[in-house]
Amino acid sequence: MSEPRDPRDPENRRDPKARRGPARPGTPGRRVPRPSQGGASPRGEGRPQRPSAAKRPADARRDPKRAPSANRSSAQRPAAAPKNPGAASKRAAAAPKRPAAAQKRAPRPPRPRTPTPAPLRLGNPRPRLRLVAVALTLVMLVFAVRLFQVQAVNADVYAAKANVNRYVPVTLAAERGAITDRDGVDLATTVDAYDITADPSLLAPDKIKIDDAPQKAAALLAPILGEDQKELAEKLSKSGSRYVLLSRRQSPQVWKQIKDLRSALDAKAQAAPKSDPRPNVLLGIFADEHSKRVYPNKELASGVLGFMNSEGKGAGGLEASLEKKLAGKAGKLVYAQSGGRRVPTADTQEHPAVPGTDVELTLDRDIQWAAQEAITKQVEKSKADRGYVVVQDTKTGEILALANAPAFDPNDITRSDADALGNAALSDAFEPGSTSKLMSLAAVLEEGAATPSTHVTVPNRLHRGDRLFADDIDHPTWHLTLNGVLAKSSNIGTILSVEQLGKTQREANQVLHSYLRKFGIGQPTGLGFPGETPGILAKPQDWSTSQQYTIPFGQGLSLNAVQAASVYSTIANGGERIAPTLVRGTKGPDGRYVAAPKPEKTRVVSPKTAKTLARMLESVVDDQEGTGTAAKIPGYRVGGKTGTSNRVDPKTGRYHGYTASFAGFAPADKPRITVYCAVQNPTSGSYFGGQVCGPIYKQVMQFALKSLQVPPTGAEAPRLPVSFKPGE
């Protein structure tokens, strides 16, 4: 007897009749209904029905064991329909019948149901959406109000601010005017210069892979820049900085030397193998282009030229007094920028700079050099505090040389002595001593109180006021002429001569004071030089008991070196004083030359008096009894006067040391050049003016006469009497 076939078998599903199940016993062709698990079929056919998924317990739905399985026993499986219905009917009839109870499946005990969790309910999103919408509305409202304020209410203000940020103004520096000598030789000029800078971060070990890169870079730059190697290394070691200034205003040649050295290191770095790299330690060295004031002759005429400060403005000398002319007018360039870069297509406004005016001085570079060389050596030899030499053209009043010692280098004033800065020939007020006697005797001759041959008996001592007066040396009573008083530089003889200017001492004082003022004492020279002193000359009614007797021979009044030179130029010019000048003319940016205004002229004494005084001054140099024989110049007639005075110490205000001086002109019979020399506080060797400054006068005068090609006159010098015999 064969087993019933499983209807799930694919072989049984091929026969559609087999799907109906086996026929009932005794009823061929009809299916036998499956035992019902809960009663008859709703259709009344008695076929058992599987409960629907909705009616089945939850356990039955989730239990995978209740799903049909191929492992179920044959008793649990429904009978498969036979392929041959007839044979199946016969087997069914022959097979013993199963009881009805056996055909029904025993009900399974119900399993406990697991309670189903309640479904989750989402919150209502509408309140949150409303809140977000309100917030966005407020934000947009703020933006709208701000936009309205920017574009409507304050539109002009913000447009102006935008232009300020958009347009960048750049100052175009004007080229400073040059200062030249009378022949157009540059004494001060402006050239291109570079500030040497560095980016220390590029020399950091993590970038250049060398621990001692700053030290190596400093070793290469120090000899080129002239800076201290240790200081350069410290600046280059600031790895946290992006900018340091290594040296200011270096010449283009210096920057070119650095660039060439950097290029050579680049070539070595590229040629070096990877195993042995050689980085360029000058990689972070740069330059900022500037302009630089250059003084090609260094110390030459430094007191006249002055110097520049760190802001590029004149801080001394003519650089300061002529600042407006020399500086010119700066220009302006306005361009549009974006992101820190210039916009090439945007509008550009440019106002070109106006170059400064070139200034031509009256100085002669060669004569200036000779004067400065001579006074510098004498100050060193005498171990003096300072000295000055003034050379003036007697016909025009133009100053050909104005030398100071010690001088300074205006190219680098940081290395100069602070006391050397300035122009001491104009700023120092000192008592002239015997060189001032020329003015006293000019007053005596002009007033007709005496002549060169007038006899003057000079005792060893002269009692006047509250003191005794003496000459520079002890001597027996001298019997001198007025010419001899000047030649031998007698203080007592000068006092006696000046007393003849008035019936009383007060009247004589007033007359002398008037002549001193005409010579320019106690008033500015007219140069307009910064720091210039007008000198000191008290009013005659204020002269003390001693001053009324010391002023005639040069003590008790003060002047500067240019004033002293101007006194002798006045006599050399026939008694007419021409105010000293330093500026000869100017040349503007348009190239047009403008001569300086003509200097002021003042008649001091008559030409006759001036000519007489010139002859008297020749006796000082030419006569054997004169004090200025060291100033003789072979072939030329020379007139001059020595001076030795007590010096007022500027620090203590008391007399300490001496002022040695010499003043004169040549040729004496046809004057062309005046030279004045003074040395303050000579402490080595002689302190007399004839011995200290006489040689300086001779050296400078000889050079000036040759430089200007002044020929000697060839005339014989008249020999005026110096002394007389009593009873003659």
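Residues numbered from 1 in each chain as written. Predicted model: local features only at pLDDT ≥ 70, side-chain atom pairs only at ≥ 80, totals over all residues. Heavy atoms only, no water.

### Overview of a nonpolar patch on the surface
On the surface, a cluster of nonpolar side chains totalling about 370 Å² of accessible area is made up of Val134, Leu138, Leu141 and Val145. Looking at where Val145 falls in the secondary structure, it is placed in helix α5 (residues 126-153). Note on Val145: relative accessible area 51%, which makes it exposed. (Patch = residues over 30% accessible without salt bridge, like charges linked within 9 Å, V, L, I, M, F, W, Y side chains within 5 Å. Areas by Shrake-Rupley, 256 points an atom, 1.4 Å probe, with all protein chains shown as cover. Salt bridge = Lys/Arg side-chain N within 4 Å of Asp/Glu carboxyl O. Helix = DSSP H or I, 4+ residues; strand = E, 2+ residues; numbered from the N terminus. Buried < 20%, exposed > 50% of the residue type's maximum accessible area, 1.4 Å probe, protein only.)

### With respect to empty space enclosed by the protein
Tallied over the full model, the rule gives three cavities of 30 Å³ or more. Forming the boundary of the largest cavity are Pro432, Thr435, Ser436, Met439, Leu559, Ala564, Val567, Tyr568, Ala663 and Tyr676. At three residues, helix α21 (residues 561-572) tops the list of elements feeding residues into the lining of the largest cavity. Residues that form the lining of the largest cavity fall into these classes: eight nonpolar, two polar and no charged. (1 Å grid on protein atoms, 1.4 Å probe; cavity = no way out; pocket = protein on both sides within 12 Å on 5 of 7 lines; lining within 4 Å. Points joined across faces, edges and corners; volume = space filled by probe spheres on them. Nonpolar A, V, L, I, M, F, W, Y, C, P; charged D, E, K, R; others polar.)

### What about the packing of helix α16 (residues 437-446) against helix α22 (residues 607-622)?
Relative orientation of the contacting elements α16 and α22 amounts to 135°, with a least axis distance of 10 Å. Overall, the two elements α16 and α22 adopt an arrangement that is oblique. Judged by the twist between their axes, the crossing of α16 over α22 is right-handed. For the pair α16 and α22, the contacting residues are Leu438, Leu441, Ala442, Leu445 and Glu446 in the first and Thr609, Thr612, Leu613, Met616 and Leu617 in the second. The class makeup of the residues in the contact of α16 with α22 is seven nonpolar, two polar and one charged. (Axes fitted to C-alpha atoms, helices over the stretch in contact; angles between N-to-C directions. Parallel < 35°, antiparallel > 145°, perpendicular 65-115°, else oblique. Left-handed = near helix turned anticlockwise from the far one by under 90°. Contact = heavy atoms within 4.5 Å.)

### Quick notes on the packing of aromatic side chains
Summed over the entire model, instances satisfying the criterion amount to nine aromatic pairs. Ring plane angle 55° and centroid distance 6.4 Å describe the contact between Trp369 and Phe703, whose orientation is recorded as tilted. In this pair, Trp369 sits in helix α14 (residues 365-382) while Phe703 sits in helix α24 (residues 694-707), placing the two residues 334 residues apart along the sequence. Judged by its relative accessible area of 31%, Phe703 is partly exposed. Ring pairing ties together the aromatic residues Phe469, Tyr549 and Phe553, which thus form one cluster. Geometry around Trp478 places Lys488 over its ring, the cationic atom sitting 4.7 Å from the centre. Directly above the aromatic system of Tyr515 lies the positively charged group of Lys518, at a separation of 5.0 Å from the ring centroid. (Phe/Tyr/Trp six-rings, centres within 6.5 Å; stacked < 30°, edge-to-face > 60°. Lys NZ or Arg CZ within 6 Å of the ring centre and 35° of its normal.)

### Examining the pattern of salt bridges
Using the criterion set out here, one finds 20 salt bridges in the structure. Arg461 is paired through a salt bridge with Asp474; the nearest N and O atoms lie 3.0 Å apart. You can see Arg461 sitting in strand β15 (residues 461-464) and its partner Asp474 sitting in the loop between β16 (467-470) and β17 (478-481), a full 13 residues away along the chain. Several salt bridges share partner residues, and in doing so they unite Arg176, Arg293, Glu319 and Glu323 into one network.

### Some points on the sheet that holds strand β24 (residues 673-680)
In spatial order, the strands read β13-β12-β24-β23-β22; together these five strands make up an open sheet with antiparallel pairing. In this open sheet, the two edge strands, each paired with only one partner strand, are β13 (399-405) and β22 (639-648). Between one strand axis and the next, the sheet turns through 10° on average, direction left out of account. By the bridge criterion, six bridges tie strand β12 (residues 386-393) to β13 in an arrangement that is antiparallel. Paired with Tyr388 across the bridge in β13 is Asn404. Across the sheet, α24 lies against β12, β22, β23 (655-666) and β24, angled at about 30° from β23, the strand it touches most. (Pairing = 2+ DSSP bridges.)

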